[in-house]
Amino acid sequence: MSKKVLLSGATGFIGHHCLEPLKARGYEVHAVSSKPMKSGASGVHWHQADLLQPGAAKALLAEVKPTHLLHLAWFVVPGKLITAPENFAWVRASMELVQEFAAQGGK
């Protein structure tokens, strides 16, 4: 069985450091960003999706069909991240992503 991982937050501080180790462990890596990618890590399949939009996670997961999920996307602005109201939107989006991942057979 092939291992296919969907990595959210792939352009962030932690996410971009995960790309090569995932590939080295034999994963087919699908990275998602809310912004268009001009070029990215070699051997990585890039997808553009705004996970804060209702239904975006479902559509992305249906397209990629990942076996694994590494969710690192969040609102991270120094000095604002702890009290930012955007955190509530990310909690909702994260729950939608994880629930849809499970519903589509992700392990």
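Keep in mind that what you see is a predicted model, and the values were worked out from it rather than measured.

Caption draft 1: Main features of the environment of Arg-25. Locating Arg-25 in the fold gives a position in the loop between α1 (19-24) and β2 (28-33). The spacing of Arg-25 and Leu-97 is 72 residues in sequence and 24 Å in space, taken between C-alpha atoms.

Caption draft 2: Highlighting the sheet that holds β2. The strand order β3-β2-β1-β4 describes an open sheet built from four strands, whose pairing is parallel. In this open sheet, the two strands that pair with only one neighbour each are β3 (44-48) and β4 (68-71). Strand after strand, the sheet turns through a mean of 20° between neighbouring axes, direction not considered. Across five bridges, β2 lies against β3 in parallel orientation. In the strand pairing of β3, Val-32 is matched with His-47.

Caption draft 3: Spotlight on a nonpolar patch on the surface. Together, Trp-74, Val-76, Leu-81, Ile-82, Val-91 and Met-95 make up an exposed nonpolar region whose accessible area comes to about 600 Å². Examined against the element boundaries, Val-91 turns out to sit in helix α3 (residues 86-103).

Caption draft 4: Expanded view of the side chain of Lys-4. Mapped onto the secondary structure, Lys-4 falls in strand β1 (residues 4-8). One buried charged side chain, Lys-4, makes no salt bridge at all; its nearest oppositely charged neighbour is Glu-28, positioned 4.1 Å away. Of note is the side chain of Lys-4, whose polar atom sits 2.9 Å from the backbone oxygen of Val-64. Dropping the residues within four chain positions of it, Lys-4 is found in contact with Tyr-27, Glu-28, His-30, Val-64, Lys-65, Pro-66, Thr-67 and His-68.

Caption draft 5: Spotlight on the environment of Gly-12. Mapped onto the fold, Gly-12 is located in the loop between β1 and α1. Take Gly-12: its relative accessible area is 27%, and that puts it in the partly exposed class. Through-space distance from the C-alpha of Gly-12 to that of Trp-74 is 9.1 Å; in sequence the pair is 62 residues apart.

Caption draft 6: Summary view of helix α2 (residues 56-64). Within the span of α2, buried status applies to Ala-56, Ala-57, Leu-60, Leu-61 and Val-64. Looking straight down α2, one finds its buried side chains confined to an arc of 120°; they lie on one side. In the core, the buried residues of α2 are packed alongside β1, β2, β3 and α3. Positive backbone phi, approximately 55°, marks Lys-65, located one or two places after α2.

Conventions we followed
- Residues numbered from 1 in each chain as written.
- Predicted model: local features only at pLDDT ≥ 70, side-chain atom pairs only at ≥ 80, totals over all residues.
- Heavy atoms only, no water.
- Helix = DSSP H or I, 4+ residues; strand = E, 2+ residues; numbered from the N terminus.
- Pairing = 2+ DSSP bridges.
- Axes fitted to C-alpha atoms, helices over the stretch in contact; angles between N-to-C directions.
- Patch = residues over 30% accessible without salt bridge, like charges linked within 9 Å, V, L, I, M, F, W, Y side chains within 5 Å.
- Areas by Shrake-Rupley, 256 points an atom, 1.4 Å probe, with all protein chains shown as cover.
- Salt bridge = Lys/Arg side-chain N within 4 Å of Asp/Glu carboxyl O.
- Buried < 20%, exposed > 50% of the residue type's maximum accessible area, 1.4 Å probe, protein only.
- Lys, Arg positive; Asp, Glu negative; His and termini not counted.
- Polar contact = N/O pair within 3.5 Å; in protein donor to acceptor, adjacent residues only side chain to side chain.
- Contact = heavy atoms within 4.5 Å.
- Arc of directions from axis to C-beta.

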